[in-house]
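Now for the letters of each chain:
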Amino acid sequence: MREDRVAVAVPATTANLGPGFDSMGMALDLWDEVVVHATTRATSVVVEGEGVDDVEKGDDNLIVRALRLALDRVGAPQVGIRMHCTNRIPHSRGLGSSASAIVAGVVAARALIGDPTVLTPDEVLDIGTEMEGHPDNVAPAVLGGATIAWMGLEGTVKRARAVRLDPPDIIRPVAFIPDFELKTSAARAALSSSVPHADACFNVSRAALLSALLAGASSEAGQGPLHGLLMDATEDRLHQDARRPAMEPSLALVDWLRGAGMAAVVSGAGPTVLSLEDVDPQICEDARKAGWRVLPLPVAATGARITQGRLAE
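- An unreviewed UniProt entry annotates the chain as Homoserine kinase of Schaalia georgiae F0490.
- Heading Subcellular location (unreviewed entry) of the UniProt record for the chain holds this comment: "Cytoplasm".
- According to the UniProt record, the Function (unreviewed entry) comment for the chain is "Catalyzes the ATP-dependent phosphorylation of L-homoserine to L-homoserine phosphate."

Right under this line is the structure:
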């Protein structure tokens, strides 16, 4: 190791974006910050902000576990860790808090090692996906922008893969965050193990259209995605309605926003709702009065970054 004190920042993420179940994601301009000191003492974690009463404060902490796995993966020595976390990403709300924590740990390990050839973005993505279980939130946390991620074969071993898209300026996410939580495991338990062929075809076409729009495509008339294309591109038949009993207020808000012409979706496994475009101020005010925290969250141009240390960006 070349460093004994490093700092990293990792963005919130949203996944699925409607039709892109477990494959599409986007980084959002809301950041957790982590400062890590390598020490000879026992591990200790100080947390401020989101999850302060729920986050583990020792070696069971998710960031610490990811950091240690990354050190093991590259043969680096283990150390005691003194860590300070400033958490801004809400927990269990569908904004990628666990993926961001995992990526923070792996990137902190990279910063401690201080070698640009060790723990490349591909390796961070692979380790993060191994811990998270799927790459849809991990990919944008690593790469920034919008991402399409999948599991591919490298020989006989499955590896996480992703490509980055740079959304046009017309994509201006707004998050509607409720005051209740929903565990990802509970949201996944609501899903069927199979879907009708027609529904699969429906989602494939919408996900393909959404990918094109996020890459900057427009209609043949030269009009942007706000002219109906983004509404079509964010339709879903695979997961949102199946999860309605677990988060009825969220799906009711999606219906309300879409009825008003906003391309709204459930963010990840929910219960946060995300509009991919600007929302009328009066609608935002009405949502706040109904108990929703409304946050404009622009697309984050970068993924996780080292802010202090030899590799600081």
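1. Considering the pattern of salt bridges
- Following the criterion strictly, the structure yields 18 salt bridges and no others.
- A salt bridge links Glu33 to Arg88; the shortest N-O distance between them is 3.4 Å. On the criterion of sequence distance, the pair formed by Glu33 in strand E2 (residues 20-39) and Arg88 in the loop between strand E4 (80-87) and helix H2 (97-113) is long-range, its members being 55 residues apart.
- A network of salt bridges, in which partner residues are shared, links Asp126, Glu154, Arg159 and Arg161.

2. Quick look at the environment of Asp166
- Position of Asp166 among the secondary structure elements: in the loop between strand E6 (157-165) and strand E7 (174-177).
- C-alpha of Asp166 to C-alpha of Gly216: the two residues are 50 residues apart in sequence and 7.8 Å apart in space.
- Of the polar contacts made by the side chain of Asp166, one reaches the side chain of Arg164; its length is 2.6 Å.

3. Section: the packing of helix H1 (residues 62-73) against H2
- The interhelical angle for the contact between H1 and H2, taken along N-to-C directions, is 45 degrees, at an axis separation of 7 Å. By the angle between their axes, H1 is oblique relative to H2. Crossing of H1 over H2 shows right-handed handedness. In this structure, H1 uses Leu62, Ile63, Ala66, Leu67, Ala70 and Leu71 to contact H2, whose residues at the interface are Ser98, Ala101, Ile102, Ala104, Gly105, Val106, Ala108, Ala109, Leu112 and Ile113.
- Here the residues of the contact of H1 with H2 sort into 14 nonpolar, two polar and no charged.

4. Brief notes about the UniProt feature "binding site: ATP" (unreviewed entry) in the chain
- The feature "binding site: ATP" (unreviewed entry), as given by UniProt, occupies Pro90, His91, Ser92, Arg93, Gly94, Leu95, Gly96, Ser97, Ser98, Ala99 and Ser100 in the numbering adopted here. The annotated residues named above include His91, Ser92, Arg93, Gly94, Leu95, Gly96, Ser97, Ser98 and Ser100 as those lining the largest pocket.
- Not counting chain neighbours up to four residues away, the residues in contact with Gly96 comprise Thr13 and Asn137.
- Tracing the sequence through the fold places Ser97 in helix H2.
- Discounting residues that sit within four places of it in the chain, Ser97 has contacts with Ile89, Pro90, His91 and Ser92.

5. A closer look at the sheet that holds strand E9 (residues 273-275)
- Overall, antiparallel pairing links the four strands, which are arranged E8-E9-E7-E10 in an open sheet. The sheet is open, and its two edges are formed by strand E8 (264-266) and strand E10 (293-296), each paired on a single side. Direction aside, neighbouring strands of the sheet carry axes that sit 20 degrees apart on average.
- In the sheet, E7 pairs with E9 via three bridges, with the strands oriented antiparallel. What sits directly across from Ala175, in E9, is Leu274.
- Together, E7, E8 and E9 form the strand contacts of helix H8 (residues 248-259), whose direction differs from that of E8 by roughly 165 degrees.

Here is what the cut-offs are and how they apply
All residue numbers refer to positions counted from 1 along the written sequence of the respective chain. Local features in this predicted model are restricted to residues of pLDDT 70 or higher, and side-chain atom pairs are both shown and tallied only at a pLDDT of 80 or more, whereas totals for entire chains, interfaces and linings draw on every residue. Water and hydrogen atoms were dropped before computing side-chain values, which therefore reflect all heavy atoms in the structure. UniProt positions are given in the numbering used here, feature names are shortened, and annotations may be inferred rather than shown by experiment. Each salt bridge in this description consists of a side-chain nitrogen of Lys or Arg and a carboxyl oxygen of Asp or Glu lying within 4 Å of one another. Secondary structure elements follow DSSP: runs of H or I of four or more residues count as helices, runs of E of two or more count as strands, with numbering from the N terminus. Polar contact is the term for a pair of N or O atoms within 3.5 Å; when the atoms are in protein, one must be able to donate a hydrogen and the other to accept it, and sequence-neighboring residues count only if both atoms are side-chain atoms. Angles run from 0 to 180 degrees between N-to-C directions of axes, and those axes are lines fitted to C-alpha atoms, restricted for helices to the stretch in contact. Convention used here: angles under 35 degrees read as roughly parallel, angles over 145 as roughly antiparallel, angles from 65 to 115 as roughly perpendicular, and any remaining angle as oblique. Crossing handedness is defined as follows: a turn of the near helix away from the far one that is anticlockwise and smaller than a right angle gives a left-handed crossing, while the clockwise case is right-handed. Any two residues whose heavy atoms approach within 4.5 Å at even a single point are treated as in contact. Only Asp, Glu, Lys and Arg are considered charged, only Ala, Val, Leu, Ile, Met, Phe, Trp, Tyr, Cys and Pro nonpolar, and every remaining residue, Gly among them, polar. Only protein atoms enter the 1 Å grid used here, on which a cavity is any set of points holding a 1.4 Å probe that cannot leave and a pocket is any open set flanked by protein within 12 Å on both sides along at least five of seven lines; residues with an atom within 4 Å of a point are listed as lining. When DSSP finds at least two bridges between two strands, those strands are taken to pair.

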